[in-house]
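This is what each chain is made of:
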Number of protein chains: 2
Amino acid sequence: MPPRPLDDVRVLDLGQVYNGPYCGMLLAAQGADVIKIEPPGGEIVRRAAISPGGASYSFLMLNAGKRGMTLDLKDPRGREIFLRLVEHADVVLENFRDASVLASLDLAYDVLAARNPRVILASGRGYRNGSVYEQFGAMDFTVQAISGHMSITGFPDQPPVKAGATLCDMLGSVHLFGAILLALRERERTGRGRAVEMPMLDATFPALMAYSSPYLEKGLDVGRTGNRHSVPGSSPYGIYPTSDGHWIAIMCVTDAHWRQFCTAIGDDVLLADETLAKGPQRAARRDEIDARVRDWSCALGRQTAIAQLSGAGIPCAPVRTLGEAVDDPYNEEQGLLRRVTYEGWGEVRVLGSPIQLRDPGSTAAELPPLAPPPKLGEHARAILAELLGMGDAEIDPLQKDGVV
Amino acid sequence: MPPRPLDDVRVLDLGQVYNGPYCGMLLAAQGADVIKIEPPGGEIVRRAAISPGGASYSFLMLNAGKRGMTLDLKDPRGREIFLRLVEHADVVLENFRDASVLASLDLAYDVLAARNPRVILASGRGYRNGSVYEQFGAMDFTVQAISGHMSITGFPDQPPVKAGATLCDMLGSVHLFGAILLALRERERTGRGRAVEMPMLDATFPALMAYSSPYLEKGLDVGRTGNRHSVPGSSPYGIYPTSDGHWIAIMCVTDAHWRQFCTAIGDDVLLADETLAKGPQRAARRDEIDARVRDWSCALGRQTAIAQLSGAGIPCAPVRTLGEAVDDPYNEEQGLLRRVTYEGWGEVRVLGSPIQLRDPGSTAAELPPLAPPPKLGEHARAILAELLGMGDAEIDPLQKDGVV
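Since the model is a prediction, treat every value here as computed from it, not as a measurement. (Residues numbered from 1 in each chain as written. Chains lettered and ligands numbered in written order. Predicted model: local features only at pLDDT ≥ 70, side-chain atom pairs only at ≥ 80, totals over all residues.)

**Side note on the sheet that holds strand β4 (residues 91-94) of chain A**
Residue and element names in this part refer to chain A.
Part 1: Read across the open sheet, the six strands follow the order β3-β2-β1-β4-β5-β6; overall the sheet is parallel. If you trace the sheet from one side to the other, it starts and ends with β3 (67-70) and β6 (195-199), each paired once. Looking at each pair of strands side by side, their axes are set apart by 20° on average, direction ignored.
Part 2: As paired strands, strand β2 (residues 33-38) and β3 are joined by four bridges and run parallel to one another. What sits directly across from I35, in β3, is R67. (Pairing = 2+ DSSP bridges. Helix = DSSP H or I, 4+ residues; strand = E, 2+ residues; numbered from the N terminus. Axes fitted to C-alpha atoms, helices over the stretch in contact; angles between N-to-C directions.)

Here you go:
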């Protein structure tokens, strides 16, 4: 197997739900030895439903490519084993409720660093430790609320609504991934690790851009604008129904797009209308233009409409259903979905990392084999033997007592 | 100034709009020397509006901390200067429409690597080069459509709707940031750079998790579920109106949360109802529970309601307006918004990086000074002198001809 960028990195992954585990998955995909450490009985998402093989489907999706063991950190023996593992680790990854959880286990960063000054403690959070929100429990849904994201999502005459995307979990997670790589790079120079923290509130703030920019510029809080731009600068921009019950998204940004658009839909009247030649003119009359675009789109099937526009260089796309988006062969070709086998489930499709360092010229993912998600406690014995030199005589009583 | 993780890295940033420039901003915030190279006349977002100082507010938000110059890559002299700059660069960052743009300038990866085998070409894209979508123009809005994200956002009885967040731009950008750091790490071992590509479609696929998981598990495409969970497993979960015209988000995940919730709102009837003790029971009767929660929330101001619930440990949050979210002092305390001065605009607030390697115990951002966004062509002369040893006699005619 060719070398991979993180094949010299070991991670103790205490992550739970989406935010921590996705980051662990990104690390594992680059060759890191990611050891998922679950509490006795398993991570909350593993236990989310009565499931084949004792693991929910969501758990399977985020945890392939990791090794796994359980550890009772509240038991002094479990805690000591954890600290001994820290001596062999580069990164400890966690996304507990807040910083007080590790502190209450006497496993705050200074305790870890006393055992291994090179270790990096990477913490996914809702809010920055030390801020006014530090003890405010956070889930993706509640951070979508407090961050302002709900207030800019949906239609003006409807209540605020979440993005279906778990955008806070995921943006938090991948920013944390970046922070870990930076800390590893810094460590090469300093020889020392550090604690890094990535709050979801912080990670999602830049994504308000389209709305925060006009607000910061001129105090304009436009609220929800449906599928229209926050501050319309041209038209058409939106989604339009097609004859087969679907929708298409169209976005004419430039005046050139507009002329190409009029030509593509064969509307000579619009094309000739000098009073619509400039973006701001079209923005001011967007209701009228939208009605006319709908007249065109409603007469065509989605595929035909998209073919007409994309052939003419107009930014557009089908609004695909979830099922269409997931079943697209693109996902398996590009390694975004990968097949593994898990006892009880049989063959399942799980997430692969979208970050792939490919050889030049490759047009499809060429990925090393993916290990299935760990069964509960599956690798405990192997890990304890390999890293801590523990034999069965030592491990057996710990397993009997539920410590590992 | 203390060392920073990327202070030995130079980036030629050809980025435009949000996706490329945000990645460049993340790099600059870690100490990289990011040289923003704009076409003659400036990047499209700089020119987005008739603006003070010749730069739109959106441009200012994403480009502080970078140096800037213009370069006409279509002019052979401009192209040659670019290649000479590549000899002094670690990363070339771009998010042109697709791979054909650099190829048409004869600046594909192999050409750059011939000048500097250590250089990393980092490309933000809509879709993977070589895939069926490679020539399909992409903007955040159209990728929200094709990715399935629109179809899972909004209310079931309303059309699909985009997330207000530019989630495709931002998720693509920060995954690309991670890919660049991985390529830098790999280069330390191999001595060679590589091309890395980060499609927005790929970067947003994992964020479908809450909906793609039940679909992959059992073919369940539930469509849009408003503010409810994709597959309700408990209740309450949603947003609820308060007496002051606001909303609060509440998410009772566990049965313990439910009991704490009933106690916090003083509803002994609900608390005593054994038929609601378990999550699935509450999920099945969520309309009834939601009505009762609304009765409670409607009688209280938002702040009072949040205080009652958060004091009891229930995951909850105010649904803040955009203005509330942006004006929160948290943003400046944590370095998410930073103040710079730009001629014509005066003092403005621009984005800071949410990734910060802080010293332990620090409770607020302690950031190095931030240079304002570059004026059009501001650093051309300094950069050409410093990196290429060019003097005024060489630069003057190039400037006169609009090459730099």
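What follows picks up the thread again.
**Concerning the sheet that holds strand β2 (residues 33-38) of chain B**
Residues and elements named next belong to chain B.
Part 1: Read across the open sheet, the six strands follow the order β3-β2-β1-β4-β5-β6; overall the sheet is parallel. Looking along the sheet, the strands with just one partner apiece sit at the ends: β3 (67-70) and β6 (195-199). Looking at each pair of strands side by side, their axes are set apart by 20° on average, direction ignored.

**Observations regarding the interface of chain A and chain B**
Part 1: Contacts between the two partners involve 103 residues from chain A, matched on the other side by 104 residues from chain B.
Part 2: It is helix α7 (residues 167-190) of chain A that contributes the most residues to the side of chain A that touches chain B, 14 residues altogether.
Part 3: For the side of chain A that touches chain B, the residue count by class is 62 nonpolar, 29 polar and 12 charged. (Contact = placed C-beta atoms within 7 Å. Nonpolar A, V, L, I, M, F, W, Y, C, P; charged D, E, K, R; others polar.)

**Details of the packing of α7 of chain A against helix α7 (residues 167-190) of chain B**
Part 1: For the pair α7 of chain A and α7 of chain B, interaxial distance at closest approach is 10 Å and the crossing angle is 20°. With respect to α7 of chain B, the axis of α7 of chain A lies roughly parallel. Between α7 of chain A and α7 of chain B lies a crossing whose hand is left-handed. For the pair formed by α7 of chain A and α7 of chain B, the contact residues are L167, M170, L171, V174, H175, F177, G178, L181, L182 and R185 of chain A on the first element and L167, M170, L171, V174, H175, F177, G178, L181, L182 and R185 of chain B on the second.
Part 2: Here the residues of the contact of α7 of chain A with α7 of chain B sort into 14 nonpolar, four polar and two charged. (Parallel < 35°, antiparallel > 145°, perpendicular 65-115°, else oblique. Left-handed = near helix turned anticlockwise from the far one by under 90°.)

**Overview of the nonpolar core**
Part 1: Of all hydrophobic cores here, the largest spans 249 residues; its most connected members are V92, L167 and I180 of chain A together with V92, L167 and I180 of chain B.
Part 2: The contacts of I180 of chain A, once residues within four sequence positions are left out, are V91, I120, A122 and V196 of chain A. (Core = buried A, V, L, I, M, F, W, Y, C linked by C-beta atoms within 7 Å. Buried ≥ 20, exposed ≤ 12 C-beta atoms within 10 Å, placed from the backbone.)

**Thoughts on the pairing of strand β8 (residues 247-251) of chain A**
All names here are of chain A.
Part 1: Taking burial as the measure, the five residues of β8 include five buried ones, the bulk of the element.
Part 2: Judged by which residues are buried, β8 turns out to be covered on both faces: W247, A249 and M251 on one side and I248 and I250 on the other are all buried.
Part 3: In this sheet, β8 lies alongside strand β7 (residues 237-241) in antiparallel orientation, the contact comprising five bridges. Counted as the bridge partner of I239 is A249 from β8.
Part 4: Connecting β7 to the antiparallel partner β8 that follows it, the hairpin turn spans five residues, and G245 within it adopts a positive phi of roughly 85°.

**Section: α7 of chain A**
Part 1: Its 24 residues give α7 of chain A an end-to-end C-alpha distance of 34 Å, which sits within 8% of 34 Å, the value for a rise of 1.5 Å per residue.
Part 2: Remark: G191 of chain A follows α7 of chain A within two positions and exhibits a positive phi of approximately 80°. (Expected span 1.5 Å × (residues − 1).)

**Description of the relation of the copies chain A and chain B**
Part 1: With an RMSD of 0.0 Å, the fit of chain A onto chain B corresponds to turning through 180° and sliding 0.0 Å along the axis. Here the transformation between the copies is reduced to the relation of a two-fold axis.
Part 2: With an isologous cut-off of 70% or more, the 100% of interface residues of chain A that recur at the interface of chain B puts this contact in the isologous class. (Least-squares fit on C-alpha atoms with pLDDT ≥ 70 in both.)

**A few points about the confidence of the model for chain A**
Part 1: Averaged over every residue, the pLDDT of chain A is 95; residues scoring 70 or more account for 99%.
Part 2: Across the interfaces of the predicted complex, the ipTM metric reaches 0.98, alongside a pTM of 0.98. (pLDDT = per-residue confidence, 0-100.)

**Here's the deal with unusual backbone geometry**
All names here are of chain A.
Part 1: Residue P236 follows S235 across a cis peptide bond; omega there is -5°.
Part 2: With respect to the helices, strands and loops of the structure, P236 is situated in the loop between α9 (209-218) and β7.
Part 3: If you check the backbone angles, V17 has positive phi at about 60° while not being a glycine.
Part 4: Position of V17 relative to the elements: it lies in the loop between β1 (10-13) and α1 (19-29).
Part 5: Positioned with a positive phi, D106 is a non-glycine residue whose angle comes to about 55°.
Part 6: With respect to the secondary-structure elements, D106 resides in the loop between α4 (99-104) and α5 (109-115).

**A word on the environment of T321 of chain B**
Part 1: By the element assignment, T321 of chain B lies in the loop between β9 (316-318) and α15 (322-327).
Part 2: T321 of chain B sits in the partly exposed class, given 18 other C-beta atoms within 10 Å.
Part 3: In sequence terms T321 of chain B and L357 of chain B are 36 residues apart; their C-alpha atoms lie 30 Å from each other.
Part 4: With near-sequence residues (within four places) excluded, T321 of chain B lies in contact with G148, S151 and D221 of chain A.

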